[in-house]
Amino acid sequence: MKDRLPSPFFLLLQETGALAERRHVRVHAVGGFVRDLLLGIPNLDLDLVVEGDGIRFAKAVARRYQARVTTHERFGTVVVTFADGHTFDVATARTESYDSPAALPTVQRSSIKQDVRRRDFTINTLAIRLNTPRFGELVDSHGGRRDLQDKTIRVLHGLSFIDDPTRVFRAIRYEQRLGFQLDWNTAVLMTEAVRMGLVHRLSPSRLSAELLHVLSEREPVKTLARLADFNLLQFIHPRLKWSSGLAQLLNAVEKAVAWHAGLSLGRLTSPWVVYGMALLDPLPQPVVQETLARLTFPRRQAQSLLWVSQENARLLPTVTRTVKPSETFRALCHLPDETLVFLRAKTRSARAKQNISDMFTVYRRVRPILTGNDLKAMGLKPGPSYNKILNRLLDARLNGAVETEADEHRLVHRLAKRC
Ligand code: CTP
């Protein structure tokens, strides 16, 4: 841990262990943090499990560091937010029972060994003790370390996917992200869970969350291809099928996202949306509408997904045809970056690709020299005509029709006479 974690973080773990010892509770780091630590993958997403009152302990940690806490009483979990914005989760060790398949569980207090028993895969059951005398000791009650070494995704028991069908998606995400393999029996149980239609029992919001996780992976294309291997695309919509066309478009999106990153203009806010646009692309527009109405994606992104499915057939020919930079600018200026990146991936036209590229790198930075204040100083009466004139000035500058301030003055005078 000392070698692989930033030293302030390591210190925080040590101090948390010392505090736990003083307060007579046992604290462990668990789950993805431990898995990634052992794999050497940077991950400071810390989950702590407390044998004892997790909420009280989290509050004590928060007091010690002047951090904030957000408590979820029902699940005995707390999010601790530090002054620098970093967060970690604290939970009370618990056992869960499921009243019905695919429902949220009911919860009881327990020990770390019982707590990890309810988890999805062996590689996520590893825990590290933090209490001072045994700080750093690995708790491996399900052979998680061996499976990490063998690069295997394995469920803990045969009913795992029945308890929680989202695990079918999780298994595929881990398999693809970590370059692991599904244990044979686990793959059989997954196939069976899909065949039984268990995924249909998930609420739209849980299904949407899983899909969002898949699309947000660093390499979503191979993860989506794997969902298709397991016949999971049908749960997004029965008409959604994997095809060479879809694979090609997704690969083009991957390249376009990388191209955008290479422009160093700042990261896309939601790269997952671009993959979502490609995934829904083969579906007829009413089907996309129906799918988005069922899924519970964030509103703004859902609107972009819908807009693209309605408009790309109209927009792409326009962007391919436009001759003047101002035409390209006007066609694209209201679109979010994600949509532009998707259109670049979707078009085969070199002209359209260039136009979209120019939009990012050139057109968006162009401004006329004259401003509204200059128009006022020239004696023009403020009103709606200002907008019209400034837009025409911008078009002229985009098209190279004006170069100097004097050119702009002349154009304003001409336009003012017509307004
Ligand atoms: N978990 C589970 N079943 C689920 C969801 C979560 O058993 N359906 C358990 C897993 O053991 C996981 C832990 O809860 O390690 C935390 O969940 P999450 O944060 O989603 O897992 P990470 O492994 O941290 O995920 P990621 O690496 O994708 O961030």
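Rules and cut-offs
- Residues numbered from 1 in each chain as written.
- Predicted model: local features only at pLDDT ≥ 70, side-chain atom pairs only at ≥ 80, totals over all residues.
- Heavy atoms only, no water.
- Phe/Tyr/Trp six-rings, centres within 6.5 Å; stacked < 30°, edge-to-face > 60°.
- Helix = DSSP H or I, 4+ residues; strand = E, 2+ residues; numbered from the N terminus.
- Buried < 20%, exposed > 50% of the residue type's maximum accessible area, 1.4 Å probe, protein only.
- Lys NZ or Arg CZ within 6 Å of the ring centre and 35° of its normal.
- Salt bridge = Lys/Arg side-chain N within 4 Å of Asp/Glu carboxyl O.
- Core = buried A, V, L, I, M, F, W, Y, C linked by side-chain atoms within 4.5 Å.
- Domains from an automatic or database assignment.
- Axes fitted to C-alpha atoms, helices over the stretch in contact; angles between N-to-C directions.
- Parallel < 35°, antiparallel > 145°, perpendicular 65-115°, else oblique.
- Left-handed = near helix turned anticlockwise from the far one by under 90°.
- Contact = heavy atoms within 4.5 Å.
- Nonpolar A, V, L, I, M, F, W, Y, C, P; charged D, E, K, R; others polar.
- Pairing = 2+ DSSP bridges.
- Polar contact = N/O pair within 3.5 Å; in protein donor to acceptor, adjacent residues only side chain to side chain.
- Expected span 1.5 Å × (residues − 1).
- Arc of directions from axis to C-beta.
- Patch = residues over 30% accessible without salt bridge, like charges linked within 9 Å, V, L, I, M, F, W, Y side chains within 5 Å.
- Areas by Shrake-Rupley, 256 points an atom, 1.4 Å probe, with all protein chains shown as cover.
- Lys, Arg positive; Asp, Glu negative; His and termini not counted.
- Charge placed at Lys NZ, Arg CZ, Asp CG, Glu CD.

S.K.: Would you explain the packing of aromatic side chains in this entry?
M.R.: The description of an aromatic ring pair uses the distance of the two centres, along with the angle that the planes make with each other. Under the defined criterion, the tally for this structure stands at eight aromatic pairs. Centroid distance Phe121 to Tyr174: 6.0 Å. Interplanar angle 85 degrees. Geometry classified as edge-to-face. Highlighted residues: Phe121 in the loop between α4 (112-117) and β8 (127-129) and Tyr174 in helix α7 (residues 166-178), separated in sequence by 53 residues. Across this residue pair, the class does not change: Phe121 and Tyr174 are buried. By way of ring pairs, the aromatic residues Tyr65, Phe82 and Phe88 are connected into one cluster. The ring of Tyr65 is capped by Arg64, whose NZ or CZ atom sits 4.9 Å from the centre of that ring. The ring of Trp259 has Arg344 lying over it, and the distance from NZ or CZ to the ring centre is 3.9 Å.

S.K.: What is the right way to look at the pattern of salt bridges in this model?
M.R.: Close approach of charged atoms allows side chains with opposite charge to pair. Under the counting rule described, the total for this entry stands at 24 salt bridges. The partner of Glu15 in a salt bridge is Arg64, and the shortest N-O contact between them spans 3.0 Å. Here Glu15 is found in helix α1 (residues 7-22), whereas its partner Arg64 is found in helix α3 (residues 54-65), with 49 residues between them in sequence. Take Glu15: its relative accessible area is 27%, and that puts it in the partly exposed class. Its relative accessible area of 43% is what places Arg64 among the partly exposed residues. Of the charged contacts, one joins Glu192 and Arg195 as a salt bridge, the two residues approaching to 2.8 Å between their closest N and O atoms. Of this pair, Glu192 and Arg195 both sit in helix α8 (residues 184-195), three residues apart, roughly one helical turn. Taking relative accessible area as the criterion, Arg195 reaches 61% and is therefore assigned exposed. Because the salt bridges share partners, they merge into one network encompassing Arg146, Asp147, Arg154 and Asp183.

S.K.: What is the right way to read the nonpolar core from this model?
M.R.: Among soluble globular proteins, nonpolar side chains are generally buried collectively. Core analysis: the biggest nonpolar cluster contains 110 residues, and Val80, Phe88, Leu232, Leu332 and Phe342 have the highest contact counts within it. Among the elements that make up this core, the one with the highest residue count is helix α12 (residues 271-280) (eight residues). Taken domain by domain, the makeup of this core includes at least three residues from each of domain 1 (7-150) and domain 2 (236-365). One finds Tyr386, Ala396, Val412 and Leu415 within the second-largest nonpolar core, a separate group that totals 12 residues.

S.K.: Honestly, the packing of α7 against helix α10 (residues 220-229) in this entry has me stumped. Any pointers?
M.R.: The angle between the axes and the distance between the axes are what describe a pair of packed helices. Where α7 meets α10, the closest approach of the two axes is 9 Å, and the angle between their N-to-C directions is 135 degrees. When the axis of α7 is compared with that of α10, the two are oblique. Here α7 runs over α10; the crossing is right-handed. The residues of α10 that touch α7, namely those facing Phe169, Ile172, Arg173, Glu175 and Gln176, are Lys222, Thr223, Arg226 and Leu227. Partitioned by chemical class, the residues of the contact of α7 with α10 number three nonpolar, two polar and four charged.

S.K.: Could you clarify how one ought to interpret the sheet that holds strand β1 (residues 26-30) in this entry?
M.R.: Backbone hydrogen bonds are what pair the strands of a sheet, in a parallel or an antiparallel way. What the seven strands build is an open sheet, ordered β3-β4-β5-β2-β1-β8-β9; its pairing is mixed. Unpaired on one side and paired on the other, β3 (68-72) and β9 (138-139) mark the two borders of the sheet. Bridge count between β1 and strand β2 (residues 47-51): five bridges; the pairing is antiparallel. Residue pairing for β2: Val27 is matched across the bridge by Val50.

S.K.: Can you help me understand the side chain of Arg173 in this one?
M.R.: Tracing the backbone through its elements, the reader meets Arg173 in helix α7. The buried category is assigned to Arg173, whose relative accessible area is 7%. Of note is the side chain of Arg173, whose polar atom sits 3.2 Å from the side chain of Glu217. Each residue touching Arg173, except ones within four places of it in the same chain, is listed here: Glu210, His213, Val214, Glu217 and Thr223.

S.K.: So what exactly am I meant to see when it comes to helix α9 (residues 204-215) here?
M.R.: For an α-helix, 3.6 residues make a turn, and residues three or four places apart therefore share a direction. Helix length check: α9, at 12 residues, gives a terminal C-alpha distance of 16 Å against a target of 16 Å (1.5 Å per residue), a fit within 8%. Those residues of α9 that fall on the buried side of the exposure criterion are Leu207, Ser208, Glu210, Leu211, Val214 and Leu215. Relative to the axis of α9, the buried residues are bounded by an arc of 160 degrees and lie together on one face. At its buried positions, α9 is contacted by α7, α10, α12 and α13 (285-294).

S.K.: Teacher, can you tell me more about a positive patch on the surface here?
M.R.: There is a patch of like positive charges on the surface, built from Arg23, Arg56, Lys59 and Arg63. Residue classification places Arg23 among the partly exposed residues on the basis of a relative accessible area of 33%.

S.K.: Please clarify how helix α11 (residues 244-262) should be interpreted in this entry.
M.R.: Along its 19 residues, α11 runs 27 Å from first to last C-alpha, staying within 8% of the 27 Å computed at 1.5 Å per residue. For α11, the set of buried residues is Leu246, Ala247, Leu249, Leu250, Val253, Ala256, Val257, Trp259 and His260. In this structure, the buried residues of α11 make contact with α10, α12, α16 (337-346) and α17 (350-361).

These results come straight from atomic positions and should not be treated as a statement about function.
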